[in-house]
Amino acid sequence: MKHKIWRLSDFWHPEKADYRRQNLFSIFRAHKLAYTEIKADTGLIYIHLNKSDHLKTQLKVVDRLGRTHHIDLDKTEFIVQEKAELIFHAFKKTS
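Residues numbered from 1 in each chain as written. Predicted model: local features only at pLDDT ≥ 70, side-chain atom pairs only at ≥ 80, totals over all residues. Heavy atoms only, no water.

Chemist: Can you walk me through the overall build of the chain in this structure?
Modeler: When helices and strands are counted, the chain shows three helices and four strands. For the chain, the α and β elements follow one another from N to C terminus as α-α-β-β-β-β-α. Computed over C-alpha atoms, the radius of gyration of the chain comes to 17 Å, more than 25% over the 12 Å expected from 2.2 N^0.38 for 95 residues, which places it beyond the range of a compact globule. A total accessible area of about 8300 Å² is found for the chain, and carbon and sulfur atoms account for 59% of it. Counting 18 positive and 12 negative side-chain charges, the chain places the averaged centre of each group 4 Å from the other. (Helix = DSSP H or I, 4+ residues; strand = E, 2+ residues; numbered from the N terminus. Rg over C-alpha atoms; globule rule 2.2 N^0.38 Å. Areas by Shrake-Rupley, 256 points an atom, 1.4 Å probe, with all protein chains shown as cover. Lys, Arg positive; Asp, Glu negative; His and termini not counted. Charge placed at Lys NZ, Arg CZ, Asp CG, Glu CD.)

Printed below as a string of structure tokens:
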């Protein structure tokens with residue numbers, strides 16, 4: 001995997017960039033494990049952890065300020081998960 005998350009501070013603190021990269025890999029491994037082993041329990045529908053060229057889809061997202069962003073899904077790592085009810089709301093309903 002060639003995942004790079006560059007920040008200006010990486011030039012002065014390269015160890016932090018390496019830590020962030022390792023943390024990202026750890027998160028990816030956890031999601032892949034959840035997807036392959038307990039997919040139904042996690043509500044994971046699709047994971048795209050490596051850049052590809054087969055999706056050929058642009059996603060249009062509008063942020064809170066009304067700005068439009070176009071995201072190339074082939075160049076972006078993402079996870080699609082079913083929307084779930086927050087645990088605190090579920091507990092309130094039962095009490």
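Anyway, onward from the coordinates.
Chemist: Got a minute to help me understand helix 1 (residues 14-37) in this structure?
Modeler: Count 3.6 residues to each turn of an α-helix, and residues three or four apart come out pointing the same way. For helix 1, which comprises 24 residues, the first-to-last C-alpha distance of 35 Å matches the rise-based estimate of 34 Å (1.5 Å per residue) to within 8%. Those residues of helix 1 that fall on the buried side of the exposure criterion are Arg-20, Leu-24, Phe-25, Phe-28 and Ala-34. Those residues of helix 1 that are buried are in contact with helix 2 (39-42) and strand 1 (44-48). (Expected span 1.5 Å × (residues − 1). Buried < 20%, exposed > 50% of the residue type's maximum accessible area, 1.4 Å probe, protein only. Contact = heavy atoms within 4.5 Å.)

Chemist: Can you walk me through unusual backbone geometry in this structure?
Modeler: Phi is mostly negative for residues that are not glycine, and the peptide bonds are mostly trans. Residues other than glycine seldom take positive phi values, yet Lys-56 does so here, at roughly 50 degrees. Considering the arrangement of structural elements, one finds Lys-56 in the loop between strand 1 and strand 2 (58-62). On the accessibility criterion, Lys-56 (67% relative accessible area) is exposed.

Chemist: What should I look at first to understand the pattern of salt bridges in this one?
Modeler: This model, assessed by the stated rule, comprises five salt bridges. The residue Asp-72 makes a salt bridge to Lys-75 at a minimum N-O spacing of 3.6 Å. For Lys-75, a relative accessible area of 58% puts it in the exposed group. (Salt bridge = Lys/Arg side-chain N within 4 Å of Asp/Glu carboxyl O.)

Chemist: What's the story with a nonpolar patch on the surface in this structure? I'm lost.
Modeler: Nonpolar side chains collect at one region of the surface, where Leu-8, Phe-11 and Trp-12 lie side by side and expose about 440 Å² of accessible area between them. Relative to the elements of secondary structure, Phe-11 occurs in the segment before helix 1. Overall, the relative accessible area of 64% leaves Phe-11 in the exposed class. (Patch = residues over 30% accessible without salt bridge, like charges linked within 9 Å, V, L, I, M, F, W, Y side chains within 5 Å.)

Chemist: Can you help me understand the environment of Leu-59 in this one?
Modeler: Of note, Leu-59 is situated in strand 2. The exposure class of Leu-59 is partly exposed, given its relative accessible area of 39%.

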